Amino acid sequence: MTSLETARSQAYLDDRAHVFHSWSAQAALDPLVVVGAEGSRFWDDQGRSYLDFASQLVNVNIGHQHPKLVAAIKEQADKLCTVAPFHANDARSEAARLIAELAPGDLDMVFFTNGGAEATENAIRLARGHTGRFKVLTTYRSYHGGTNGAITMTGDPRRWGNEPGAPGMVKFWGPYTYRSAFHAADDAEECERALAHLADVLMVEGGHTVAAIVLETVVGTNGILVPPDGYLQGVRDLCDEHGIVMIADEVMAGFGRCGEWFAVDHWDVTPDLICFAKGVNSGYIPIGGVVISRRIADTYAQRPYPGGLTYSGHPLACASAVASIGIFKEEGIVEHARRLGTDVIGPTLAEMATRHPSIGEVRGLGVFWAIELVKDRATREPLVPFNAVGLAAKPMNDLAAACKERGLWPFTHFNRMHVVPPLTTTDEEMREGLAIIDEALAVADEHATA
Ligand SMILES: Cc1ncc(COP(=O)(O)O)c(C=O)c1O
């Protein structure tokens, strides 16, 4: 045992000896041992506390250890811990009804999963059975989960190590005005050109062969890409024209993150299927699912649905979803999230952008914001290259370290820092966190042309 190891807790040592972590070269890992959390903060076994500006993995929408949510889980545990998916159960029934009541249009049935990847997998399965078609269109700059179909749908480098993946997936470009694939000058032009591009892709792929178009309503990890007004309606229209199922992946963007129950509500667009997970119960117990339109559910009225999971609609998870939705309503959490975006985060980031040469763009809504960092505002050269690792990623790693030293746990991805704390973060905590980021950005400014 080295002298360093003697100072480490058993949890750390057992982790390094036996826990195989996601997406990582195992030998390089040095995880924090988290021992407690409350509201927007968590702390480690060394007595260091952090403002959680990542909401863990952008899932702890309600904040850590909400007492009413913890109590609801304990109550359900005393009553009934588990039940097979083919039985009915009050926690599952109520969760499904509440989610259906919140969902737009005729989306009124719920298939429960254990998380987001299973939600996107089942969404395309539902669409394929409904249309009798196989092909699925998804965007570059997206993430849809780590299982075979979901990672093949994914349009980011996490797919590369899993190729060739599942057959029948085709990629197209979604809108991203700041780095437009269409050389658009503004949002209106980006919207028009991104829709024309999608129409072209459908023409050459054969729209009649496409089962589904899958989109993150607001792209999350790959940049908080807020679609320009009109884009989602345009996708809806193209889906209707070709008989394609429109799937909104709201695993990250849903349940208040964008200041609406579902992000699509922001544009009044009704997809055919919505995937959810994360914020529905803030990950206190794993759960996800697909909200299904009546038309698609009817396809499976007489024909069996070819999918299932032992823990589909798990009572502990469903009871926590019921409690979480109730708490959101009682405490006005969705409204609070919207106001944090319009009154605190948006204006503060816009002001910071005037002072920091490394800030190329700030964008977002609700409690879902990105600070896009550049070396040069004129050329928009990213602060670090796409998918940078090692030395090339150092400016972003230094920025993250500067935040951590100051007691803030950041979310960084490529050349961006995302501002994604719990939706229950107070105005004061939000200002405290943004002030830390403001200070830490001096590290990024050193690499930028003033
Ligand atoms: C948009 C989106 N879809 C799907 C997933 C996959 O969810 P899970 O990790 O729960 O499988 C994620 C996870 O980050 C996500 O952000």
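Scoring rules and cut-offs
One numbering rule holds for all chains: residues counted from 1, following each sequence as written. Per-residue local features are limited, in this predicted model, to residues with pLDDT of at least 70; the limit for side-chain atom pairs, both in listing and counting, is 80 or more; totals at the level of whole chains, interfaces and linings are taken over all residues. In computing side-chain values, all of the structure's heavy atoms are included and hydrogens and water are not. The helix and strand labels rest on DSSP assignments: H or I over at least four residues marks a helix, E over at least two residues marks a strand, and numbering proceeds from the N terminus. Only C-alpha atoms enter the radius of gyration; for comparison, a globular chain is expected to reach 2.2 Å times N to the power 0.38, where N is the number of residues. Only protein chains enter the calculation, and the probe is 1.4 Å; a residue is then buried if its accessible area is under 20% of its type maximum, exposed if over 50%, and partly exposed in between. Here a residue-residue contact requires only that any non-hydrogen atoms of the pair lie within 4.5 Å. Computed with a 1.4 Å probe, the accessible areas rest on the Shrake-Rupley method; for each residue, only the protein chains presented here act as cover. What makes a residue near a molecule or strand is one non-hydrogen atom of that residue sitting within 4 Å of it. Nitrogen and oxygen atoms within 3.5 Å of one another constitute a polar contact, given that in protein one can donate a hydrogen and the other can accept it, and given that sequence-neighbouring residues count only through two side-chain atoms. Classification convention: Asp, Glu, Lys, Arg as charged; Ala, Val, Leu, Ile, Met, Phe, Trp, Tyr, Cys, Pro as nonpolar; all other residues, Gly among them, as polar. In this analysis, strands are considered paired if DSSP registers two or more bridges between them. To get an axis, fit a line to the C-alpha atoms, keeping to the stretch in contact for a helix; angles then go from 0 to 180 degrees between the N-to-C directions. Put simply, angles under 35 degrees are roughly parallel, angles over 145 are roughly antiparallel, angles from 65 to 115 are roughly perpendicular, and the rest are oblique. The sense of a crossing depends on the near helix, which, turned anticlockwise from the far helix by less than a right angle, makes the crossing left-handed and, turned clockwise, makes it right-handed. In this text, buried Ala, Val, Leu, Ile, Met, Phe, Trp, Tyr and Cys residues form a nonpolar core when linked through side-chain atoms within 4.5 Å.

Quick look at the overall build of the protein chain
Item 1. Broken down by element type, the protein chain carries 15 helices and 16 strands.
Item 2. Scaling as 2.2 N^0.38, a compact globule of 450 residues should have a C-alpha radius of gyration of about 22 Å, and the protein chain matches this with 22 Å.
Item 3. Summarising its shape, the C-alpha atoms of the protein chain cover approximately 65 × 60 × 45 Å along the three principal directions.
Item 4. Put simply, the protein chain has 450 residues, and 56% of those count as buried.
Item 5. Once local pairs closer than 6 in sequence are excluded, the contacts in the protein chain between residues at least 24 apart make up 71%.
Item 6. As displayed, the protein chain has an accessible area near 18900 Å², and 54% of this comes from carbon and sulfur atoms.

A few points about the site of the ligand
Item 1. Taken together, the residues surrounding the ligand are Gly115, Gly116, Ala117, Tyr143, His144, Gly145, Glu216, Asp249, Val251, Met252 and Lys278.
Item 2. For the ligand, a nitrogen atom lies 3.3 Å from a polar atom in the backbone of tyrosine 143.
Item 3. Here lysine 278 contributes a side-chain N or O atom positioned 3.0 Å from an oxygen atom of the ligand.
Item 4. Across the complex, the protein chains shield 80% of the 390 Å² of accessible surface that the ligand would expose by itself.
Item 5. The residue inventory of the shell around the ligand, partitioned by class, reads four nonpolar, four polar and three charged.

Let's talk about the sheet that holds strand β14 (residues 408-409)
Item 1. Strand order across the open sheet formed by four strands is β1-β2-β3-β14, with mixed pairing between neighbours. Every other strand in the sheet has two partners, leaving β1 (34-38) and β14 as the edge strands with one partner each.
Item 2. The pairing of β1 with strand β2 (residues 41-44) spans four bridges and is classified as antiparallel. Residue glutamate 38 lies in a different strand from β2, and its bridge partner there is arginine 41.

Describing unusual backbone geometry
Item 1. For the peptide bond that leads from glutamate 163 to proline 164, omega is 15°, which places it in the cis range.
Item 2. Position of proline 164 relative to the elements: it lies in the loop between α7 (148-153) and β6 (169-172).
Item 3. The phi dihedral of arginine 141 falls on the positive side, at around 60°, and the residue is not glycine.
Item 4. For arginine 141, the location among the structural elements is in the loop between β5 (135-139) and α7.
Item 5. A relative accessible area of 22% means that arginine 141 is categorised as partly exposed.

A word on the side chain of serine 324
Item 1. Structurally, the position occupied by serine 324 is in helix α11 (residues 315-331).
Item 2. Dropping the residues within four chain positions of it, serine 324 is found in contact with Ile62, Leu69, Gly279, Val280 and Asn281.

Section: the packing of helix α12 (residues 333-355) against helix α14 (residues 427-440)
Item 1. Look at α12 against α14: their axes get within 11 Å of each other, and the N-to-C directions meet at 25°. Of the possible angle classes, the one that applies to α12 and α14 is roughly parallel. In the crossing of α12 with α14, the sense of the turn from one axis to the other is right-handed. In contact with His336, Arg339, Leu340, Val344, Ile345, Thr348, Leu349, Met352 and Arg355 of α12, α14 contributes Asp427, Met430, Arg431, Leu434, Ile437 and Asp438.

Re the nonpolar core
Item 1. Residues Ile99, Phe262 and Ile437 are the most contacted members of the largest nonpolar core, which totals 68 residues.
Item 2. Setting aside residues no more than four positions away along its own chain, isoleucine 437 makes contact with Phe53, Met352, Ile371, Cys403, Leu408, Met417 and Val419.
Item 3. Core analysis: the second largest hydrophobic core is formed by 35 residues, Val58, Leu202, Phe411 and Val420 among them.

Re the pairing of strand β4 (residues 107-113)
Successive side chains on a regular strand alternate, one facing one side of the sheet and the next facing the other.
Item 1. The element β4 is extensively covered by neighbouring structure, given that five of its seven residues are classed as buried.
Item 2. Taken together, the six bridges between β4 and strand β10 (residues 288-293) define a ladder with antiparallel strand orientation. Of the residues in β10, the one forming a bridge with threonine 113 is glycine 288.

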